[in-house]
Amino acid sequence: LLELNTELLTHLTGGGTLVVPNRQRAVAVSTAYSASMLQAGKQVWSTPDVLPWSAWVERCLDEARTQGRPVPRRLSAMEDWLLWQEAVHEACASYQVLMPDAMIEPVRRAVGLLEDYGIALPGALTPEAAVLQSSVQHFKRRSRELQVLGNTSWRDVSDYLQPGARVLLAGFSTIGPARRRWLEERGARFAVQAGLPGSVRVMRCENFAQEAEAAAQWCVSLFERDANARVLIVVPELSAQRHLWERALSQHLDGALILAGRDSSAQSAFAIEGGRRLTSYRLVATALNVIALTTGFARFDELSAVLRSPYLDAPDRAAGALLDRWLREHNVDSAQPQALRSLLELLRHDLPASALAPITTFIDALEQTRASSDYPAAWAQTWAALLERCGWPGGAKLSSDEQQARMRFDELLGDFATVAIPAGRLNRTDAWQRLGKMAQRVAFEPASDDVPVTVTSRLEEPIAHYDALWVAGLTADVWPPAARPDPLLPLSLQYAAGIAPASAAGQLKLAQQLQQQWQRSAGECVLSWSYSAEDLPRDPSPLLPGEARDSAASIHTTAAGACSLERWVASQAPPLESWRDVGSPAQVPEGVLPGGTKLLELQSSCAFHAYAELRLLATPLPRPTPGIDARVRGNILHEALDLFWQPMRDQSALRERSESARRELIDHSVDAAFEKVLKNEGSNPGQELLKRERARARKLLEHLIAWELKRPDFRIERLESTQLQPFTGGALKLRMDRIDRLQDDKRLLIIDYKTGKAKKFDAFAERLPQPQLPAYAIAIGALSAAVATVYLGREGIACRGIADRSDRLGRLPAPRKGEPGWDELMQRWQQQLQGLVDQFLHGEAIVWPLPQACDYCHLSLLCRIDPNAVESDEDDDLDNDLDDEIDLNDYGLGYGG
Amino acid sequence: VSDASVALEQDARARREALHPARSMLLQAPAGSGKTTVLTARYLALLASVDAPEEILAMTFTRKAAAEMRQRVIEALHAADSGKAMNGHTQRSAAGRTAARCGARLGLLSNPSRLRIDTIDALNYWLASQLPVASRASPGLQIAADPGALYRRAARRCLELAPSEPAIAAATDLVFTRLDNSWSGVEGRLAEMLKERSHWLPRVVGAER
């Protein structure tokens, strides 16, 4: 149990006031006091008078008012920050400091040091000290004008403080001499930490994660011995390691809670002091993002987060998810309400009516927030109304934490409305930014009951006595800490005043002092360090006692009753079975197989990829990007080519047209294709991009037509034809861009269009990297004479493929001597493709990628293969980085089935 | 006298000279030949001539190298403190042993965080954080471990603003045309160029002036 030493207990029992540095310590002391009363057999007792410093100051001001003294209003913490913001911005203006907001806290800290150590700034100032002085002067002048008291300076309120003999201060061992002297001169006393140091162990761990794990296991073993034990865990770098500690502690201490499916921190066995930023709570982030959407500055990410949020009724989660997916698939990256409104007509065709209603309500709500400039109070009302119209925070029952976060956000809006720092009328953006900054400053910690384990990052005296205490991260580079002079105060002044953190000697002394306090604050104290944290070799702190060093492996927990999740699973003794994970159950085909030629391509390049995408449907969620979507670009070219060839189907007709007539037809085809394709698209990439895209499309068609004119005679047999290709076990739906009949022997050439850089085509590969062309060839059968991918590039046309004779199409190769002939090749392809289909149907899902197959694969988290470990094909000099390689079929009707 | 013994003598002399605190030194040698060992010994030698260890600065390229060098210095200090032999060349350096004792005198054993052995990034960051106004950096800045996403963001912002910026609109149009009007292509190349800006930015800025 938590305990208090005799001095503190006697003082509180006698009705004295105990002042401690912060709320967390006040809660701990109050809990310890209650435990003492219970142990003393009392059932009822007076509430101890334990106050954090700020609350004590507030009470002194109230008492002064009660006595009839005229006391100016004291700024709230937020108002104080805003007034300092004003002061610091003005002071920094002439220095062009980047992010002056980041100077506010350093300025306030420096003000505290000036007062605590009784330092006066000299005449000649460094730029840092000049900013500090100017900020202080501005703040004081504005405080006088507004007739308010600041929240930062204790000197400003010292006229009203009444320390007296009944006030005992604990936990202020690092307080500056000037404040200490001032308080003592007025009768206040500082508690002396008494008690004998408890046992000490030093724990050597491999890394931060193991430290957290070891500490969690240690907690379990403590609770096995004493179910009422109270533990304090100090983690200096908690903000960076919070996830490790949360995971380790919840797995070991909250196993029963996890299994029961509850996640309220009110019932957890541990609490992390200081909480998290209010903005990190999804409920609050949703509200802020909804407000951001009315400013015009929101991006797709914010809109997407809102649409997927469970904390809105309009749109509800289902409708929001549908809209989110639609926007992604149509590459709409705008988050403007009017842009969303303009999409409603298109959405009507694609989304169910049940989804459209809440989406429309949502857009209406965003657009109704029309004010362009207003006072903070009016903005707060506007935003509250907006959130209400969107049904925030949703219809589902909120957990305790969520309810508290909601109330804290409401308070924040109230603070924004009533803030006494005159802001005048704020435009929409300024108001939103101000609210955002205020929200980011709020560290929110849901109230929790007395929990067995408290985790803190505070390097300060615990005050209460714990059963056990663990301090993590004590490596030589951080403990004792390096000197940290205040950046705003001249160094010489800091040395002269004896500010401990400013010098290495001072830091060493503080560290030694605190380590002693830790050891006296618990019956058992563990000091841990990691020897390879963050992949860097580390040494133990020289302040760790050399004896009693131990390794993390020495921590054992044995009792069956502990509620570790891991232990629970083990205790269930589930039967173990072996599973060869390179395959899954065979699939019984039902008609057409999914994916079309994509099935062949994926199965060939990596069986797992095909399995994940086509059987598990693990397809990536598209992410809108600026520019014209690759799918749209493909569709436009596809359409333009189709329109161009419709009026003439053979080369002689093409030749008969004059150059100007051909150019005119190209222009017409491109314009018509743009109109047709863009009509159904929601995105608006901008006129400049579209203009260039038209020019590009014309250029590509011109290159193609010039190339077509040089070919041997041909007639276009089919454009955009679809065909079912049967395989044993199922059929694949193929869509071929174009089939030409060659005029010399009337056999057929199959053409597949692509853009981007040409890839080499290996017709004889054991594993076909591009099985598309072989699939087309066997689909056409005995009449096929050649298959080719025609790459449309800015510099011209490139052609890759294979033909039965080398004179079929430019330099398209034919099988060479020693290689299988055309007919044999067709048979070989047939077998290879049938093999791929068989593998797919049998559930073959081995992770075995071809070189470069992992470069743009989205499944790495699922297959857990290290792409860097995959052998790269150094002979392949083709580089498709950054170039959109568009298979026109990919974005049309290809991959049917 | 064999060639090998002459070479060894030359090597030993070069190592001794490299420790002289009053001389500047450029040390070039193959990988694995002991450059870090000499640097560590020089650091220890310099400890004998300073009032505070913070007066000595050692910089490396990587955090790992900095951490290793820090470890070696601490090991040497401990060895000197306990009278044990030190490793390799540090052991052979009398100056190193003396300096290690100085390190102990300066309190490095109880406070090794006084060692200024860092990467250049860390040094710059420390300087900027100690001079937030003069450096105009403000204290909120942090070193981004992976700046790629920031380069992409900057590139995207630039391209979004380009059509309304007469100074770069025409140039942007040309770049897009050359790169197949591909937004991801232009954005990606701009981001790559930002990453390599130390190679081209001084020339571009110099040419403008």
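Because the structure is a prediction, the values reported are computed rather than measured. (Residues numbered from 1 in each chain as written. Chains lettered and ligands numbered in written order. Predicted model: local features only at pLDDT ≥ 70, side-chain atom pairs only at ≥ 80, totals over all residues. Heavy atoms only, no water.)

Student: What am I meant to see in the overall build of chain A here?
Tutor: Of the regular secondary structure elements, chain A holds 31 helices and 22 strands. Over its C-alpha atoms, taken along the principal directions, chain A stretches across nearly 115 × 65 × 55 Å. Within chain A, the fraction of its 897 residues that count as buried is 51%. Taking as baseline every contact in chain A between residues at least 6 positions apart, the subset at least 24 positions apart corresponds to 75%. Approximately 40,700 Å² of chain A is accessible, and the part contributed by carbon and sulfur atoms is 50%. The centroid of the 98 positive side-chain charges in chain A is displaced by 3 Å from the centroid of its 117 negative side-chain charges. (Helix = DSSP H or I, 4+ residues; strand = E, 2+ residues; numbered from the N terminus. Buried < 20%, exposed > 50% of the residue type's maximum accessible area, 1.4 Å probe, protein only. Contact = heavy atoms within 4.5 Å. Areas by Shrake-Rupley, 256 points an atom, 1.4 Å probe, with all protein chains shown as cover. Lys, Arg positive; Asp, Glu negative; His and termini not counted. Charge placed at Lys NZ, Arg CZ, Asp CG, Glu CD.)

Student: Help me out: how do you make sense of the pattern of salt bridges in this one?
Tutor: It is possible for side chains bearing opposite charge to pair when their charged atoms get close. All names here are of chain A. Counted under the stated rule, the structure contains 71 salt bridges over all chains. The partner of Arg225 in a salt bridge is Glu524, and the shortest N-O contact between them spans 3.2 Å. Residue Arg225 is located in helix 8 (residues 208-225), and its partner Glu524 is located in strand 16 (residues 522-530); the two are separated by 299 residues in the primary sequence. Given the relative accessible area of 15%, Glu524 is considered buried. (Salt bridge = Lys/Arg side-chain N within 4 Å of Asp/Glu carboxyl O.)

Student: How should the pairing of strand 2 (residues 49-52) of chain A be read in this particular structure?
Tutor: One face of the sheet, then the other: side chains in a regular strand alternate in exactly this way. Residue and element names in this part refer to chain A. In this sheet, strand 2 lies alongside strand 1 (residues 17-20) in parallel orientation, the contact comprising 4 bridges. Within strand 2, the position partnered with Val19 by the bridge is Leu51. Each parallel crossover has a hand, and for strand 1 linked through helix 2 (residues 23-39) to strand 2 it is right-handed. (Pairing = 2+ DSSP bridges. Right-handed = clockwise from strand over helix to strand, strands pointing away.)

Student: Please explain the nonpolar core as it appears in this structure.
Tutor: It is characteristic of soluble globular proteins that their nonpolar side chains tend to be buried jointly. Residue and element names in this part refer to chain A. Core analysis: the largest hydrophobic core is formed by 87 residues, its most contacted members being Leu132, Leu303, Leu327, Phe409, Leu412 and Phe416. Per-element tally for this core: the top contributor is helix 4 (residues 77-92), with 9 residues. Those residues in contact with Leu327 that lie beyond four places of it in its chain are Phe300, Leu303, Leu307, Val332, Leu340, Leu343 and Pro624. Counting residues in hydrophobic clusters, the runner-up holds 44 residues, among them Leu654, Ala673, Leu704 and Ala785. (Core = buried A, V, L, I, M, F, W, Y, C linked by side-chain atoms within 4.5 Å.)

Student: So what exactly am I meant to see when it comes to the interface of chain A and chain B here?
Tutor: Many descriptions give the size of an interface as the accessible area lost when the pieces come together. Facing 44 residues of chain A, the contacting portion of chain B comprises 42 residues. Approximately 3,700 Å² of surface area, both sides summed, lies buried where chain A meets chain B, with 56% of it carried by carbon and sulfur atoms. On inspection of chain A and its partner chain B, the count reaches 3 salt bridges. If you look at where chain A meets chain B, you find 17 residue pairs in polar contact (both at pLDDT 80 or more). Among the elements of the structure, helix 6 (127-146), helix 21 (504-520) and helix 28 (687-710) of chain A are those that each provide at least two residues to the side of chain A that touches chain B. Examining the composition of the side of chain A that touches chain B, we find that 5 residues originate from one element, helix 28 of chain A, more than from any other. (Buried area = accessible area lost by both parts, 1.4 Å probe. Polar contact = N/O pair within 3.5 Å; in protein donor to acceptor, adjacent residues only side chain to side chain.)

Student: Looking at this structure, I do not really get empty space enclosed by the protein. What am I missing?
Tutor: Any empty space left between atoms is shown by rolling a water-sized probe over those atoms. Residue and element names in this part refer to chain A. Counted under the stated rule, the structure contains 4 cavities of 30 Å³ or more. Lining of the largest cavity is provided by 13 residues; of these, Ala853, Cys854, Cys857, Cys863 and Ile865 occupy positions nearest its centre. Counting residues per element, the ones that place at least two in the lining of the largest cavity are helix 24 (607-615) and helix 31 (860-863). (1 Å grid on protein atoms, 1.4 Å probe; cavity = no way out; pocket = protein on both sides within 12 Å on 5 of 7 lines; lining within 4 Å. Points joined across faces, edges and corners; volume = space filled by probe spheres on them.)

Student: What is the right way to look at the packing of helix 11 (residues 282-293) of chain A against helix 19 (residues 428-441) of chain A in this model?
Tutor: Relative orientation and spacing of two packed helices are given, respectively, by the angle between their axes and the distance between those axes. Residues and elements named next belong to chain A. Between helix 11 and helix 19, the shortest axis-to-axis distance is 10 Å and the interhelical angle comes to 165°. Taken together, the axis directions place helix 11 and helix 19 in an arrangement best described as roughly antiparallel. Along this stretch, helix 11 crosses helix 19, giving a crossing that reads as left-handed. The segment helix 11 lies against helix 19, with Leu288, Ile291 and Ala292 engaging Trp432, Leu435 and Ala439. Class assignment for the residues of the contact of helix 11 with helix 19 results in 6 nonpolar, no polar and no charged. (Axes fitted to C-alpha atoms, helices over the stretch in contact; angles between N-to-C directions. Parallel < 35°, antiparallel > 145°, perpendicular 65-115°, else oblique. Left-handed = near helix turned anticlockwise from the far one by under 90°. Nonpolar A, V, L, I, M, F, W, Y, C, P; charged D, E, K, R; others polar.)

Student: What's the story with the environment of Arg816(A) in this structure? I'm lost.
Tutor: All names here are of chain A. Mapped onto the elements, Arg816 comes out in the loop between strand 22 (796-803) and helix 30 (822-841). The exposed category is assigned to Arg816, whose relative accessible area is 60%. Here the alpha-carbon distance between Arg816 and Phe223, two residues 593 residues apart in the chain, equals 78 Å.

Student: Explanation requested: the packing of aromatic side chains in the structure shown.
Tutor: We describe a pair of aromatic rings using the distance from one ring centre to the other and the angle between the two ring planes. All names here are of chain A. Tallied over the entire structure, the rule returns 17 aromatic pairs over all chains. Between the aromatic rings of Trp392 and Phe409, the centroid separation amounts to 5.4 Å while the plane-to-plane angle is 65°, which identifies the pairing as edge-to-face. Of this pair, Trp392 sits in the loop between helix 17 (376-389) and helix 18 (400-418) while Phe409 is found in helix 18, placing the two residues 17 residues apart along the sequence. Judged on exposure class, the residue Trp392 and its partner Phe409 are both buried. Seen from their ring centres, Trp479 and Trp518 are 5.3 Å apart, and the 25° between their planes marks the pair as stacked. With Trp479 in the loop between strand 15 (466-471) and helix 20 (491-497) and Trp518 in helix 21, the pair connects residues that are 39 residues apart, well separated along the chain. Residue classification places Trp479 among the buried positions, given a relative accessible area of 3%. Cluster of aromatic residues (ring-pair linked, three or more members): Trp53, Trp56 and Phe172. (Phe/Tyr/Trp six-rings, centres within 6.5 Å; stacked < 30°, edge-to-face > 60°.)

Student: Would you mind showing me how to read the sheet that holds strand 22 of chain A here?
Tutor: Each strand in a sheet pairs with another by means of backbone hydrogen bonds, the pair being arranged parallel or else antiparallel. Residues and elements named next belong to chain A. Read across the open sheet, the 5 strands follow the order 18-19-20-21-22; overall the sheet is mixed. Looking at which strands have only one partner, the edges of the open sheet turn out to be strand 18 (714-727) and strand 22. When strand polarity is set aside, the average angle formed by the axes of neighbouring strands in this sheet is 35°. Pairing of strand 21 (residues 784-793) with strand 22, which is carried by 8 bridges, proceeds in the antiparallel orientation. Bridged to Tyr791 within strand 22 is Ala798. Each of strand 18, strand 19 (730-742), strand 20 (748-755) and strand 21 touches helix 25 (residues 630-645); the most contacted strand, strand 18, lies at about 130° to it.

Student: Help me out: how do you make sense of helix 29 (residues 772-780) of chain A in this one?
Tutor: Residues that lie three or four places apart on an α-helix share one face, since the helix turns once every 3.6 residues. Residues and elements named next belong to chain A. Of all 9 residues making up helix 29, 9 are buried, and the element is well covered by its neighbours. Looking only at helix 29, the buried set comprises Gln772, Leu773, Pro774, Ala775, Tyr776, Ala777, Ile778, Ala779 and Ile780. Positioned one or two residues after helix 29, Gly781 has a phi angle of 85°, which is positive.

Student: Before we go on, may I ask you to explain the confidence of the model for chain B in this structure?
Tutor: The predicted coordinates of low-pLDDT regions are not to be read in fine detail. Residues and elements named next belong to chain B. Averaged over all residues, the pLDDT of chain B is 84; the fraction at 70 or higher stands at 87%. The weakest mean pLDDT in chain B belongs to helix 4 (residues 88-92) at 48; the strongest belongs to helix 9 (residues 183-195) at 95. The model gives residues 88-92 a pLDDT under 50, and that stretch makes 9 contacts with residues more than four places away or in other chains. The complex prediction reports pTM at 0.80, with the ipTM value standing at 0.83. (pLDDT = per-residue confidence, 0-100.)

Student: Help me understand a nonpolar patch on the surface in this model?
Tutor: Residues Leu98(A), Met99(A) and Leu141(B) make up a contiguous nonpolar surface patch of about 250 Å² in total accessible area. With respect to the helices and strands, Leu141(B) occurs in the loop between helix 6 (120-130) and helix 7 (148-161). (Patch = residues over 30% accessible without salt bridge, like charges linked within 9 Å, V, L, I, M, F, W, Y side chains within 5 Å.)

Student: Help me understand the sheet that holds strand 5 (residues 167-169) of chain A, please; the structure alone is not making it clear to me.
Tutor: The sheet built from 4 strands is open, its strands ordered 2-1-5-6 (chain A) with parallel pairing. Of all the strands in the sheet, just strand 2 and strand 6 (189-190) of chain A have a single pairing partner and so form its edges.

Student: It is not clear to me how the packing of helix 4 of chain A against helix 5 (residues 104-116) of chain A should be interpreted in this structure. Could you clarify?
Tutor: Residues and elements named next belong to chain A. One way to put it is that helix 4 packs onto helix 5 with a least axis distance of 10 Å and a crossing angle of 100°. Between helix 4 and helix 5, the interaxial angle falls into the category roughly perpendicular. Of the residues in helix 5, those touching helix 4 at Asp80, Trp81, Trp84, Gln85 and Val88 are Ile104, Glu105, Val107, Arg108 and Val111. Its residues assigned to classes, the contact of helix 4 with helix 5 comprises 6 nonpolar, 1 polar and 3 charged.

Student: Looking at this structure, I do not really get the environment of Arg794(A). What am I missing?
Tutor: In this structure, Arg794(A) sits in the loop between strand 21 and strand 22. Arg794(A) gets classed as partly exposed once you look at its relative accessible area, which sits at 30%. Residue contacts for Arg794(A): discarding those within four places in its chain leaves Leu700(A), His703(A), Thr177(B), Arg178(B) and Asp180(B). From its side chain, Arg794(A) meets the backbone oxygen of Arg178(B) in a polar contact 3.3 Å long.

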